[in-house]
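# A closer look at the structure
Listed below, chain by chain, are the residues.
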Amino acid sequence: MNDITAKPTTLVIFGATGDLSRRKLLPALLRLEVLGLLPECFNIIGFSTRAFDSNNGDEGFKDYALSALREHYTYDFDESAAKKLLSKTRFIRSTFEDSDGYTEILKRLDDIDQECGVACDRVFYLATPPTFFPVIIDMLSHSQLADRRGRGDGVLPRIIIEKPFGQSSESSAKLNDLVLNHFDEEEVYRIDHYLGKETVQNILFFRFGNSIYEPLWNQKYIDHIQITVAESDGIGTRGKYYEEAGALRDMVQNHIMQLLALVAMEPPTTMTSENIRSKKVDLIESIRPVEIDNIDNFIVRGRYDKGIINGETTVAYRDEANVSSDSTTETFVALKVFIDNWRWSDVPFYIRTGKRLKARKTEIAVTFKAPPHCLFGSEEKACPKDNVLVLKIQPDEGIDFDFNIKYPGTTQRVDNVTMDFSYKEAYDVTLPEAYERLLLDCITGDSTLFPHKRAIETSWKLIDEVLKGWQSSSAEDVADYLPGSAGPKEADLLIERDGRKWRDI
Ligand code: BG6
């Protein structure tokens, strides 16, 4: 975990009664409380439009938060830690447009500073639908909540913004301009929860903590890299959001782009936020934009059909609630991507993500080039198979390495075996939830795990090009696939045309 000690802090959660807050933020805060990682003087102000049936105000919210914690806290429930956390919790009922609500925040923040006897750091978490981001940012500024003046050296406000950060490069730039009008870049924390995952953070430790792999980590020795983010669930109740997003915006622009950056970036000079984030930006800026006229050779879209999973009938994407019956939104996307720099020239990165696939699995598989000559005979069984290094992000967190040995016996037979490391087997600890780490980092003021403005805008530019290419296409260009499969067969062709194969999901 983060080694920096947190200073007295007040966290204001906009959208405090929403799904994200109930399922992720409040449980993560309780975990930090249990682990003793929150500062002694730590307070929460919940802000939302919700009215409670009884016990309006602070007490109503505390009951609400307690029930959320009971329902969603995934560790053994610690009643006394929960009570301690909630004793430091307040609530303001207001719309996001009402200036009185913000005046009330300011008043409560000042009261808390008085109680704590210091100027506490103020962290504003925008856990609302994105349509409210602009008004909240504006109101924060107009009500002096973003002010640093008179609050003492180093007491900076911080703002945490949930995804989606824009819908295009234009809207993300607009949102960046707006927020950076009132906050400095170092005060802005754009959430990408994949960066809070332990195994994602491990990518840099693995790459730069072992001298045996890094010299091979380039076009000379690597044949190709596959990034898979497969989900077995459908879109659930998020039809309205998903229709506007699709797999490309929902997963590729953010989570997958960050995975790609971590696996392919140059080593940072030091592990500071500035250095790491700037190397990631360099990498994203080196991704080759798609050729619009040739888009089908690089990208395949799919949409899940109806089917049967584990004996249960599942509906087609187009029959999901709030989804149009002639929707062209993709629930699966496979891409071939190139990075135009010295290290990765001509190395294809095959990327795929989708809903309702065979299993939930996120991994990055690095396939090394075959030995230059097959020494042990000309038959298939005598030829070494690929050396593949697999960074297993979830659900079986760990690392596998496939290598070749002699099969025991009198024949010249090569066998491919796996050396595997599993977090679960190696350590008697539960890997922290992404939001635990991310919230702690916001509280301590460490922005390493939060994408920089330029990373977001550049990745949106790449996505814009693809969307432009898709604009003139028809619904038939989105291939149906069966739930429980590995996606449409067109995705197989994308990689098989190059003489390679997707790994099993
Ligand atoms: C979210 C997407 O950002 O990430 C969801 O909006 C997706 O559609 C989710 O299901 C996946 O996250 P995880 O942590 O379950 O892999």
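Residues numbered from 1 in each chain as written. Predicted model: local features only at pLDDT ≥ 70, side-chain atom pairs only at ≥ 80, totals over all residues. Heavy atoms only, no water.

### Observations regarding the pattern of salt bridges
Side chains that differ in sign of charge can pair as their charged atoms come close. Formally: One speaks of a salt bridge when a side-chain nitrogen belonging to Lys or Arg is within 4 Å of a carboxyl oxygen belonging to Asp or Glu. Numbering of helices and strands runs from the N terminus; a helix is a DSSP stretch of H or I covering at least four residues, while a strand is a stretch of E covering at least two. Note on classification: 1.4 Å probe, protein chains only; a residue is buried when its accessible area is under 20% of the maximum for its type, exposed when over 50%, partly exposed between these limits.
By the definition in use, this model includes 38 salt bridges. Here lysine 358 makes a salt bridge to aspartate 504, at a shortest N to O gap of 3.1 Å. Taken together, the positions of lysine 358 in the loop between strand S12 (349-354) and strand S13 (361-368) and aspartate 504 in the segment after helix H13 (489-496) put the pair 146 residues apart, joining distant regions of the chain. Of the residues examined, lysine 358 reaches a relative accessible area of 45% and is grouped as partly exposed. Lysine 361 is paired through a salt bridge with glutamate 363; the nearest N and O atoms lie 3.9 Å apart. Note on glutamate 363: relative accessible area 3%, which makes it buried.

### Side note on the site of the ligand
The condition that has to hold: Proximity is defined per residue: if any heavy atom of the residue lies within 4 Å of a molecule or strand, that residue is considered near it. Pairs of N or O atoms within 3.5 Å make up the polar contacts considered here, provided that, within protein, one atom can donate a hydrogen while the other can accept it, and that residues adjacent in sequence are counted only when both atoms are side-chain atoms. Computed by Shrake-Rupley with a 1.4 Å probe, the accessible areas treat only the displayed protein chains as cover when residues are assessed. Asp, Glu, Lys and Arg are counted as charged, while Ala, Val, Leu, Ile, Met, Phe, Trp, Tyr, Cys and Pro are counted as nonpolar; the rest, among them Gly, fall into the polar class.
In the vicinity of the ligand, the contacting residues are Lys163, His193, Tyr194, Lys197, Glu231, Arg238, Asp250, Met251, His255, Lys355, Arg360 and Gln394. Between the ligand and the protein, one listed contact pairs an oxygen atom with a side-chain N or O atom of glutamate 231 at 2.5 Å. Arginine 238 places a polar side-chain atom, nitrogen or oxygen, 2.4 Å from an oxygen atom of the ligand. Burial of the ligand by the surrounding chains reaches 80%, relative to a free accessible area of 400 Å². Of all the elements, helix H8 (residues 239-264) adds the most residues to the shell around the ligand, at 3 residues. Here the shell around the ligand is composed, by residue class, of 2 nonpolar, 3 polar and 7 charged.

### Concerning the sheet that holds S13
Threshold: Strands qualify as paired when DSSP identifies two bridges or more between them. Axis definition: a line fitted to C-alpha atoms, over the contacting stretch in the case of helices. Angles run 0 to 180 degrees between N-to-C directions. Throughout, a residue-residue contact means that at least one pair of heavy atoms, one from each residue, lies within 4.5 Å.
Strand order in the open sheet made by the 9 strands is S16-S15-S14-S13-S7-S12-S11-S8-S17, with mixed pairing throughout. In this open sheet, the two edge strands, each paired with only one partner strand, are strand S16 (414-422) and strand S17 (478-481). The sheet shows a mean angle of 20° between the axes of neighbouring strands, direction not considered. As paired elements, strand S15 (residues 398-406) and S16 share 9 bridges and run antiparallel to each other. In the sheet register, phenylalanine 401 faces S16, and the bridge partner there is methionine 419. Against the sheet, helix H7 (residues 198-209) makes contact with S13, strand S14 (388-394) and S15, and its axis sits at roughly 145° relative to S14, the strand it touches most. Contacts from H13 reach strand S7 (222-230), strand S8 (299-304), strand S11 (332-337), S12 and S17 within the one sheet, and its direction differs from that of S11 by about 10°.

### A word on helix H6 (residues 169-182)
Turn by turn, an α-helix covers 3.6 residues, leaving residues three or four places apart pointing in a common direction. Worth spelling out the cut-off: By definition here, a helix of n residues has an expected span of 1.5 Å times n minus one.
Compared with the 20 Å implied by 1.5 Å per residue over 14 residues, the 20 Å span of H6 between its first and last C-alpha is a close match. All of the buried residues in H6 are Ser169, Ser172, Leu175, Asn176, Leu178 and Val179.

### With respect to the sheet that holds strand S1 (residues 9-14)
Strands sit in the order S3-S2-S1-S4-S5-S6 across an open sheet of 6 strands; the sheet is parallel. What marks the edges here is a single partner per strand, and that holds for strand S3 (89-93) and strand S6 (188-190). Taken pair by pair, the neighbouring strands of this sheet meet at an average axis angle of 20°, ignoring direction. In terms of strand pairing, S1 meets strand S2 (residues 42-48) through 6 bridges, oriented parallel. Bridge pairing in S2 places phenylalanine 14 opposite phenylalanine 47.

### Here's the deal with unusual backbone geometry
The omega torsion across lysine 163 and proline 164 is 0°, close enough to zero to call that bond cis. Here proline 164 is to be found in the loop between strand S5 (157-161) and H6. Here the bond from glutamine 394 into proline 395 is cis, since omega is 5°, no more than 30 degrees from zero. Within the secondary structure, proline 395 is located in the loop between S14 and S15.

### Focus on the packing of aromatic side chains
How two aromatic rings sit relative to each other is set out by the distance from centre to centre and by the angle between their planes. The cut-off we apply is this: Note on aromatic pairs: the rings of Phe, Tyr and Trp (six-membered ring only in Trp) are paired at centre separations within 6.5 Å, and the planes decide the class, stacked below 30 degrees, edge-to-face beyond 60, tilted for the rest. Consider the ring centre and the ring normal. A charge sits over the ring if Lys NZ or Arg CZ is within 6 Å of that centre and within 35 degrees of that normal.
If you walk through the whole model with that rule in mind, you get 23 aromatic pairs. An angle of 45° between the planes, with centres 5.4 Å apart, marks the rings of phenylalanine 47 and tyrosine 102 as tilted. Of this pair, phenylalanine 47 sits in strand S2 while tyrosine 102 is found in helix H4 (residues 99-116), placing the two residues 55 residues apart along the sequence. By relative accessible area, which is 0% here, phenylalanine 47 ends up buried. When the ring of phenylalanine 206 is compared with that of tyrosine 213, the centres are 5.0 Å apart and the planes differ by 35°; the resulting orientation is tilted. As far as the burial class goes, phenylalanine 206 and tyrosine 213 line up, both buried. The rings of Phe14, Phe47, Phe96, Tyr102 and Phe132 are connected pair by pair, giving a single aromatic cluster. The residue whose ring lies beneath lysine 197 is tyrosine 194, and the NZ or CZ to ring-centre distance is 4.6 Å. The ring of tyrosine 304 carries arginine 356 above its face, with NZ or CZ at 5.4 Å from the centroid.

### As for the pairing of S15
Here is the key point about a regular strand: its side chains alternate between the two faces of the sheet. Of the pairings in the sheet, the one linking S14 to S15 comprises 5 bridges and is antiparallel in character. Across the sheet, the residue bridging to leucine 389 is phenylalanine 401, located in S15. If you look at the hairpin formed by S14 and S15, you'll find 3 residues sitting between the two strands.

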